[in-house]
Amino acid sequence: MVLNMLGLAARGTGDLLAADKYLQRALAIEERLAPVSTNLALTLGNLGLLAVEAGNIERANVYFTGALALCEKLMPGNSYHASTLRAMGWISRERGHLDLAERYFGDAVSFLDGLTSRLGGSEAARANFRASRGEYYTDYIDTLLALNQPDKAFHALERRRAR
């Protein structure tokens, strides 16, 4: 986990080479010691983000596909699962696979709706959670419009407003 955090810190300073080095070391250790773990899912996701920043969509796809498989097995329906689905939506859209992007974005939005309904705390805390994830709906709606599905996009917009 320390190597993962060092990778994130290096990424935050813009040193993508050092970030990749730390994350690759974390990946090697986690694959050997904990091949089915949430830590491995997080490392794969961080490597995926790094690949996106470097403009390597194919590499990002490999990492996020691995992260998604672990999310589905170990932490289905949580916010990290939703963010991994969103990342797969971006990748699919970048690769020109709009139907697949629509499915990923739609699943991410559905998970977020479920999470919001299960959140404890005040209504203000739930509203803050929803507002901080508005871009999930935007990605979904934009993809639906690109697929020439305005009715479905309008429904998604209304769903967002209702939440």
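What counts as what
- Residues numbered from 1 in each chain as written.
- Predicted model: local features only at pLDDT ≥ 70, side-chain atom pairs only at ≥ 80, totals over all residues.
- Heavy atoms only, no water.
- Helix = DSSP H or I, 4+ residues; strand = E, 2+ residues; numbered from the N terminus.
- Patch = residues over 30% accessible without salt bridge, like charges linked within 9 Å, V, L, I, M, F, W, Y side chains within 5 Å.
- Areas by Shrake-Rupley, 256 points an atom, 1.4 Å probe, with all protein chains shown as cover.
- Salt bridge = Lys/Arg side-chain N within 4 Å of Asp/Glu carboxyl O.
- Core = buried A, V, L, I, M, F, W, Y, C linked by side-chain atoms within 4.5 Å.
- Buried < 20%, exposed > 50% of the residue type's maximum accessible area, 1.4 Å probe, protein only.
- Contact = heavy atoms within 4.5 Å.
- Phe/Tyr/Trp six-rings, centres within 6.5 Å; stacked < 30°, edge-to-face > 60°.
- Lys NZ or Arg CZ within 6 Å of the ring centre and 35° of its normal.
- Axes fitted to C-alpha atoms, helices over the stretch in contact; angles between N-to-C directions.
- Parallel < 35°, antiparallel > 145°, perpendicular 65-115°, else oblique.
- Left-handed = near helix turned anticlockwise from the far one by under 90°.
- Nonpolar A, V, L, I, M, F, W, Y, C, P; charged D, E, K, R; others polar.
- Expected span 1.5 Å × (residues − 1).

Draft legend 1. Local environment of the environment of Gly45. Assignment of secondary structure puts Gly45 in helix α3 (residues 38-53). For the pair Gly45 and Tyr63, spaced 18 residues apart in the sequence, the C-alpha separation amounts to 6.3 Å.

Draft legend 2. Representation of a nonpolar patch on the surface in the model. A surface patch of nonpolar side chains, about 280 Å² in accessible area, is lined by Met1, Met5 and Leu8. Structurally, Met5 can be placed in helix α1 (residues 2-12).

Draft legend 3. Structural view of the nonpolar core. Grouped together as the largest cluster of nonpolar side chains are 24 residues, with contacts concentrated most on Phe64, Met88, Leu112, Tyr136 and Tyr140. Broken down by element, this core gets its largest block of residues, seven residues, from helix α6 (residues 98-118). Leave out the neighbours within four places in its chain, and Phe64 touches Gly45, Gly48, Leu49, Val52, Thr84, Ala87, Met88 and Ile91. Membership of the second largest hydrophobic core comes to 16 residues, among which are Ala18, Leu23, Leu27 and Tyr80.

Draft legend 4. How the structure looks around the packing of aromatic side chains. A full pass over the atoms with the stated rule returns zero aromatic pairs. Across the ring face of Tyr136, the terminal group of Arg86 is positioned such that the distance to the ring centre comes to 4.9 Å. One cation-aromatic arrangement involves Arg103 over Tyr104; the distance from NZ or CZ to the ring centre is 4.8 Å.

Draft legend 5. Quick peek at the packing of α3 against helix α4 (residues 57-74). One can describe the packing of α3 onto α4 by two numbers: an axis separation of 8 Å at closest approach and a directional angle of 155°. Put simply, α3 runs roughly antiparallel to α4. Classified by chirality, the crossing of α4 by α3 is left-handed. For the pair formed by α3 and α4, the contact residues are Thr38, Leu40, Ala41, Leu44, Gly45, Leu47, Gly48, Leu49, Ala51 and Val52 on the first element and Arg59, Ala60, Tyr63, Phe64, Gly66, Ala67, Leu70 and Leu74 on the second. In terms of residue class, the contact of α3 with α4 is built from 13 nonpolar, four polar and one charged.

Draft legend 6. Quick look at the side chain of Arg86. If you trace the backbone, Arg86 turns up in helix α5 (residues 79-94). The exposure class assigned to Arg86 is buried, which follows from its relative accessible area of 12%.

Draft legend 7. Structural detail: the pattern of salt bridges. Tallying each qualifying case throughout the model produces seven salt bridges. Here Arg59 makes a salt bridge to Asp20, at a shortest N to O gap of 2.9 Å. Separated by 39 residues along the polypeptide, Arg59 in helix α4 and Asp20 in helix α2 (residues 16-33) bring together distant segments of the chain. Asp139 serves as the salt-bridge partner of Arg86, at 2.6 Å between the closest nitrogen and oxygen. Taken together, the residues span a long stretch of sequence, with Arg86 in helix α5 and Asp139 in helix α8 (residues 134-146) at a distance of 53 residues. Several salt bridges share partner residues, and in doing so they unite Arg86, Arg93, Glu135 and Asp139 into one network.

Draft legend 8. Inspection of α2 at higher detail. With 18 residues, α2 extends 25 Å from end C-alpha to end C-alpha; this agrees with the ideal 26 Å at 1.5 Å per step. Here α2 has its buried residues at Ala18, Ala19, Leu23, Ala26, Leu27 and Glu30. Check the buried side of α2 and you find it contacts α1, α3 and α4.

Draft legend 9. Broad picture of the environment of Leu42. Structurally, the position occupied by Leu42 is in helix α3. Taking relative accessible area as the criterion, Leu42 reaches 26% and is therefore assigned partly exposed. Put simply, Leu42 and Leu27 are 15 residues apart on the chain and 9.7 Å apart in space, counted from C-alpha to C-alpha. Those residues in contact with Leu42, other than ones at most four positions away along the chain, are Met1, Asn4 and Tyr80.

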